[in-house]
Amino acid sequence: MQPFKTFLLFIVLVSINTVSAQYATTKVRSKYQAYTDSLKQVKYDNVLPIWGQKAYKKGFDIPYPTGAMINFVWVRQGLLIDNISLGLKTDDIDIPLTEVDFIEFGNNYSEASTLLFRPDIWVFPFLNIYGLFGLGSSRTEVNLTVPTDLQSVVDQRLKTYGFGATAAGGIGPVWLAVDGNLTWSKPELLDDPVKVTTFGVRVGHNFVSKNKPYRNFGVWIGAMKVTLGSETVGAIQLKDALPPEVFERAQEIEANYFAWLNSLNPNNPIDARKIEIANEVLTPIFERIGAADGEAIIRYGLDKNVKEPWNGLIGAQYQLNKNWMFRAEGGVIGDRKSLLLSVNWRFLL
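In this convention, every chain numbers its residues from 1, walking through the sequence in written order. Selection of residues for local features in this predicted model requires a pLDDT of at least 70, selection of side-chain atom pairs for listing and counting requires 80 or more, and totals for whole chains, interfaces and linings are taken over all residues. The side-chain numbers reported here are obtained from all heavy atoms of the structure, hydrogens and water having been left aside.

## Points about unusual backbone geometry
With an omega of 0°, the peptide bond between Leu48 and Pro49 qualifies as cis. Geometrically, the link from Val146 to Pro147 is a cis peptide bond, its omega value of 20° lying close to zero. Phi at Ala292 is positive, roughly 55°, even though this residue is not glycine.

Pasting the structure below:
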């Protein structure tokens, strides 16, 4: 058997992005033999996907090669924060970023909602490449426990751009899709975009309409891994970093900080170092909090990673015809919770 034919039997024309009836299972063939036989007679004139004509000759109903998708994505996930540095800028104070390695955190979270435009094209019947362009908003909640209990909540707009690829195949009634993308999200308060790497694996099955073989309903389960570019550097005014209730108890928070500072033993080398760094950068910051000075600018640098890189997925898609697909997917297993809703329009150039 020719190498292409052998490969094509295993790389069977399905994508997590379209989840359409791109292949015919043995069961489907027995019911729709006339349909699959008719596909073999189609003269495929489009340049893409490459080997599209060979796919039709085997009875595979490949999707239109080009598409435009609108995705709404919501994600909430835990964060781990390390290697934090702080600084302060006011009218009469200018403290550069200074490492503060003894700060401790409780549970931290990030939440984002993004509307994404996703153009794509099938290069081969088994390989899809795409771009990602989006606008949205994010909320980051950081909870300090040492030197004192303090919550920071930051809301900001963000822009997202990137690219990715999907490889897909199947054996019998089951399809497998592997997807990876690289995006950069630029929150308005950060100096540089945050690089996000996403890798996903999904396994599913399509239920094809008996009367209209181009119409189907697909379901799948899978898993996704997300990795964040760890280094984050930015600056923010106190009034934007702290919720209003913090300023309502500002003097209490300042008093708690000085109680912690005074509890340190200056004769202990470890505590002496903490006192030195605290007086250099933390004391001026907590004095600004105690004075409810919302105009003071906090400089920050830190390493940020997701608490649990992997989470489980479950999803479904309804393909009305070869032009329109509607998809929903939820991240329901693990620390990361997510929701994706999308509309996909496919067309011939």
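## Focus: the side chain of Ser342
Rules: Where helices and strands are cited, they refer to DSSP runs of H or I of at least four residues and of E of at least two residues respectively, numbered from the N terminus. Relative accessibility decides the category of a residue: with a 1.4 Å probe and only protein chains considered, values under 20% of the type maximum give buried, values over 50% give exposed, and everything between is partly exposed. Here a residue-residue contact requires only that any non-hydrogen atoms of the pair lie within 4.5 Å.
On the secondary structure map, Ser342 appears in strand S14 (residues 337-347). Given a relative accessible area of 6%, Ser342 falls into the buried group. With sequence-adjacent residues up to four places away left out, Ser342 is seen in contact with Met69, Ile70, Asn71, Met325, Phe326 and Arg327.

## Some words on helix H8 (residues 269-290)
Our working definition: The quantity called bend is, for any residue, the angle between two axes fitted respectively to the seven residues ending at it and the seven beginning at it. Any N or O atom pair separated by 3.5 Å or less is treated as a polar contact, with the protein-specific requirement of one donor-capable and one acceptor-capable atom, and with residues adjacent in sequence counted only for side-chain atom pairs.
The principal kink in H8, of about 55°, is found at Asn279. Every buried residue of H8 is listed here: Asp271, Ile275, Ile277, Ala278, Val281, Leu282, Thr283, Pro284, Ile285, Phe286, Ile289 and Gly290. The opening residue of H8, the one whose side-chain oxygen lies 2.8 Å from the backbone nitrogen of Ile270, is Asn268. After H8 finishes, the residue Ala292 shows a positive phi value of roughly 55°.

## Examining the pairing of strand S13 (residues 324-333)
Short version of the rule: One requirement defines pairing of two strands: DSSP has to find at least two bridges between them.
Summarising the sheet, strand S12 (residues 310-319) and S13 pair through eight bridges and their orientation is antiparallel. Bridge pairing in S13 links Ala316 to Ala328. Count of turn residues in the S12/S13 antiparallel hairpin: four residues. Here eight bridges tie S13 to S14, and the two strands are oriented antiparallel to one another. When the bridges of S14 are listed, Ala328 appears paired with Leu341. The hairpin turn running from S13 into S14, its antiparallel successor, is three residues long, and Gly334 in that turn takes a positive phi close to 105°.

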